[in-house]
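Structural features, examined
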Amino acid sequence: MDIAKTLQARPASRSCALIDFDTAEVFVGLGGNGKFLLVTGERATVSMRVELRPLVYVTQPDYWGIEVVGCVSGIVLPQTAPYAETLEISTVTGTKGIEVIGAGESRRIDL
């Protein structure tokens, strides 16, 4: 069973969507332990939860896609707010690097 194809065939969520980001950078953890992706930007509402979601692959791609996703549930407050999200990427790295995927752009980072 191809999990990625099964998920793509299902209806899209109405409470979550790709969102824009301003910066995306990779840094090494303290003491050289692990690699982390840091993504920053502005969320449309303070009640939005931002997540970095790695895509699902059967084989390792050149650039592993990581989506920047904003989810809103309940009451939506009419005020924007900055966000900064991190993700440990040691197990979700392509042969060449990663690709950060937002609503308006994608950015490849060679590792």
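Source: prediction; values computed, not measured.

Re the pairing of strand E2 (residues 23-28)
Regular strands place their side chains on alternate faces of the sheet. Across six bridges, the pairing between E2 and strand E3 (residues 35-43) is antiparallel. Counterpart to Thr 23 in the pairing with E3 is Thr 40.

Focus on a nonpolar patch on the surface
Together, Val 46, Ile 75 and Leu 77 give the surface a local cluster of nonpolar side chains, amounting to about 270 Å² of exposed area. Along the chain, the position of Ile 75 falls in the loop between strand E5 (63-72) and strand E6 (81-88).

Some remarks on the sheet that holds E2
One open sheet accounts for three strands, arranged E2-E3-E6; its pairing is antiparallel. At either margin of the open sheet sits one strand with a lone partner, and together these are E2 and E6. With direction set aside, neighbouring strand axes in the sheet form an average angle of 20 degrees.

Some points on the environment of Asp 62
Positionally, Asp 62 belongs in the loop between strand E4 (48-54) and E5. In the structure, Asp 62 is positioned 31 residues away from Thr 93 in sequence and 8.4 Å away in space, judged by C-alpha atoms. Not counting residues within four places of it along the chain, the set of residues in contact with Asp 62 comprises Gly 94, Thr 95, Lys 96 and Gly 97. One polar contact links Asp 62 to Thr 95, side chain to side chain, over a distance of 3.1 Å.

Considering the pattern of salt bridges
Throughout the structure, instances matching the rule amount to four salt bridges. Across the salt bridge formed by Arg 49 and Glu 51, the nearest N and O atoms sit 2.7 Å from each other. Residue Glu 51 is classed as partly exposed on the basis of its relative accessible area, which comes to 22%. Two residues, Glu 99 and Arg 108, come together in a salt bridge whose shortest N-O distance is 3.9 Å. Glu 99 sits in the buried class, given a relative accessible area of 18%. A single salt-bridge network, built from bridges that share partners, covers Arg 49, Glu 51 and Arg 53.

What counts and what doesn't
- Residues numbered from 1 in each chain as written.
- Predicted model: local features only at pLDDT ≥ 70, side-chain atom pairs only at ≥ 80, totals over all residues.
- Heavy atoms only, no water.
- Pairing = 2+ DSSP bridges.
- Helix = DSSP H or I, 4+ residues; strand = E, 2+ residues; numbered from the N terminus.
- Patch = residues over 30% accessible without salt bridge, like charges linked within 9 Å, V, L, I, M, F, W, Y side chains within 5 Å.
- Areas by Shrake-Rupley, 256 points an atom, 1.4 Å probe, with all protein chains shown as cover.
- Salt bridge = Lys/Arg side-chain N within 4 Å of Asp/Glu carboxyl O.
- Axes fitted to C-alpha atoms, helices over the stretch in contact; angles between N-to-C directions.
- Contact = heavy atoms within 4.5 Å.
- Polar contact = N/O pair within 3.5 Å; in protein donor to acceptor, adjacent residues only side chain to side chain.
- Buried < 20%, exposed > 50% of the residue type's maximum accessible area, 1.4 Å probe, protein only.

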